[in-house]
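Now for the letters of each chain:
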Amino acid sequence: PTLTPAAPPAPAAAQSACPPVSSFPAKDHRYGRKKIVMLPNVSCLLTLRPQMPGRTFPDEKVSINPRNRLRDVLKSWAAANLDPPALDPSGLPLGMQVLSARGESIDANLRLGALSEQLPLSGGRRVVVLCLPATKAEGSIKRARSTSNVNVAGSKLEALRISSRYANIDREALGFHNSSVLKAKLKAGIYDEHLGKYRQKKYIESMRTPPVADTTDITIETRDLVVFPDGKSSREPLFRATLRGTAECIANWEATSERLMAGVDLKPFELPFPVFIPSRGRPTTANLNWEAPHAFGPNSENTVNGLFPVICLVVEAQEEESYREVWPRALTLVLPKSGRGPGFARWVIQKVCTQGVAWQPGEDGPGSSKWSRRSIPFAWIADDGISMFYRLVPLGERHRKPRYVSTRMNSQRSKERQAPEGRRMFRDALMCVQRHAYISRAGIAGFLRDDGTAVCKKMEWKADSLALYKVVLLNMNVLRSLNVEYQQHLQMYEDICLSYQVTERKGGTLKCQIYCFWASHHTRGGCSNQRGHKKGGTKLSDLVDAEALRQLPPSEKAVFKRLHSWVTSKEQLSDIRTGGVRKPTRAERAAASGKRKRETKKRSGNMELKLKKEQAGNDVPEADAETEGGPAPKRQRGRPPLKRNADSSKSDVATPAAAAVGESDDDGGGGSSSSSSSSSSSSEDEFLRHILEEDTDIEGGSEESLGSVD
């Protein structure tokens, strides 16, 4: 194309900042062998992706004339988003590194038109990554980050909020779910219509009650599932897991596995994929009855082509009997090893679904026996505390006009939760995800956890999200092609770690925001050993055992270190903002409240026991010692008589102890009361200590029987 004639002379400042088009001959704009010709009225679409330790910035999308230099764009952004920083000789913030999305260093002095081929496209825009050093207030945050590892997965992990149940953080200091208009809404009665509408008590009770069996005759069958090492010709299995359940559940598992392995199209499969529920130490308090009316419903009403949903409890060997007593008809997968943590349980599930085989005895004798595959391409892994799913629908006409708008102009309520009576919300939510067109290409799919802000979400579906946990759908074929699996040695953040690995290896995730789930927290069982705040913050040894970490390959070690870096950065930022003083979490407050209640009951039991002993002592008469005024009045054993002043008959009021014994005069045996009082009171203390040491039942029970507050 022909360049336009030269424009009229511009002021000197304008010429230095942006020269006219005619002054850029085509021969001066070359990158490699390709000639780049600048055209007037053409914009360069950029996405600036800033990254700073301890601080999160939103992506800045701008449209810039390609004749401008990248340095001028970065100066404008820094002036608008950063406090007055120290500048280097080029005018950029001191210590800023300008990188491409691939981690390559970019020269900020070049013009945007010459950089177009160095910057990869993402969403139709050229991506520029800005690595900024920590500010003075946050300079103590130490993070091992290499410029070659700056990628989309790392930036998403930094923006992810961390749970205060596992990390030493203060929710208020990090700004979790703070509403600037909450008090005004409560005062105006905006939430009055929701009072009592979302109570979970009836749902939790329904899911903790075992389903009624059709018959009392229950026969338990066993299948051994064997997993062999991947890619190795070895007869020694990697591990053996045991599948136990009723004959009906075992047959349904085998038929479902064969149906899914046959390559059946996902859309005609009108049943939820098999659901695995890892549980530990909660046979009576876990939400395990997925046949509840609001979950899947009874199996008899949920049968499609002779199959019903597979619900499998994943337990450790030493707890199988206790779970079987409460849930006699449940299908259970017994782990090969115990005490390995949540990462190991999920790793076993993934391996069984991917490479599991079972020895099938032949009907015509030992010669007809064979190995049969029992792997499945899709499987759900759910937490044992899920209580309810809600559908998020747009607000009605009377709610559309906002009455209270946040001063921060962030999230605004645009939806409401709905769960019609009698609707099987668990089944509806899971089938909604399974029917999505992208599910065959996504490595992981999940749901929105309702933390109070679910009604503010605008998007119904979200791709490449790392916030997937508690209820996740695994695409075994995609995960195997990416060579991604659960880290079996990881003690915390196992779901987030899996999502991070998928995103880091250019895989996809899918998050459903049409439905949200509610879950109950437990203080005992499950990951209670991993929860709690560690002195000095979370260490790498809290995430993975040191000996196991030493034996891992370098790629897996890098994943653990990246995860630990994310946790410690959040903890250190919280310490900086709180000055090292952390408020107790909800779980800690509940535990402290339970401890105070137990101590109060124990003290009240001791006092009542002591009072009963005192009353029993009142009925024992003193020795018949006669004085000049007659027999000595009866008084409480071991206690001196109530002494009164000379004018006490006019104004004194007797104490409860005196009222029980009766008023007595000063000379009623008072001469010898002091010695007997000291000896008997000490004997009472020894007797009381003896009772407590023997664990005698007193009102309120022992500390173990009282339980704790969830």
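Residues numbered from 1 in each chain as written. Predicted model: local features only at pLDDT ≥ 70, side-chain atom pairs only at ≥ 80, totals over all residues. Heavy atoms only, no water.

Regarding the confidence of the model for the protein chain
Reasoning step 1: In this model, the protein chain carries a mean pLDDT of 74, and residues with pLDDT of at least 70 account for 68%.
Reasoning step 2: Long-range and interchain partners of residues 620-710, a stretch whose pLDDT sits below 50, account for 72 contacts in this model, where long-range means more than four residues apart. (pLDDT = per-residue confidence, 0-100. Contact = heavy atoms within 4.5 Å.)

A few points about the environment of D575
Reasoning step 1: Structurally, D575 is set in helix α16 (residues 554-578).
Reasoning step 2: Of the residues examined, D575 reaches a relative accessible area of 37% and is grouped as partly exposed.
Reasoning step 3: Note: C-alpha distance between D575 and L174 (401 residues apart in sequence) is 9.9 Å. (Helix = DSSP H or I, 4+ residues; strand = E, 2+ residues; numbered from the N terminus. Buried < 20%, exposed > 50% of the residue type's maximum accessible area, 1.4 Å probe, protein only.)

Examining the pairing of strand β8 (residues 220-227)
Reasoning step 1: For β8 and strand β9 (residues 239-246), the ladder comprises eight bridges, and the chain directions are antiparallel. Residue pairing in the sheet places L225 in a bridge with A241 of β9.
Reasoning step 2: Two strands pair when backbone bridges link them, and β8 and strand β13 (residues 356-360) are joined in this way by three bridges, in the antiparallel orientation. Counted as the bridge partner of L225 is A358 from β13. (Pairing = 2+ DSSP bridges.)

Some details on unusual backbone geometry
Reasoning step 1: With phi around 60°, D464 is a residue other than glycine that occupies positive phi space.
Reasoning step 2: Structurally, the position occupied by D464 is in the loop between β19 (461-463) and β20 (471-475).

Observations regarding the nonpolar core
Reasoning step 1: Within the largest apolar cluster, 91 residues are counted, with the highest numbers of intra-cluster contacts made by F276, W290, F389 and F447.
Reasoning step 2: The contacts of W290, once residues within four sequence positions are left out, are M207, V275, I277, A295, F296, G297, I311, A382, F426 and L430.
Reasoning step 3: Grouped together as the second largest cluster of nonpolar side chains are 27 residues, L174, M492, L552 and F560 included. (Core = buried A, V, L, I, M, F, W, Y, C linked by side-chain atoms within 4.5 Å.)

Thoughts on the state of the cysteines
Reasoning step 1: The tally for this structure, following the rule as stated, stands at zero disulfides.
Reasoning step 2: The thiol of C516 is unpaired, and the distance to the nearest cysteine sulfur, on C512, comes to 9.5 Å.
Reasoning step 3: With relative accessibility at 0%, the residue C516 sits in the buried group. (Disulfide = S-S within 2.5 Å.)

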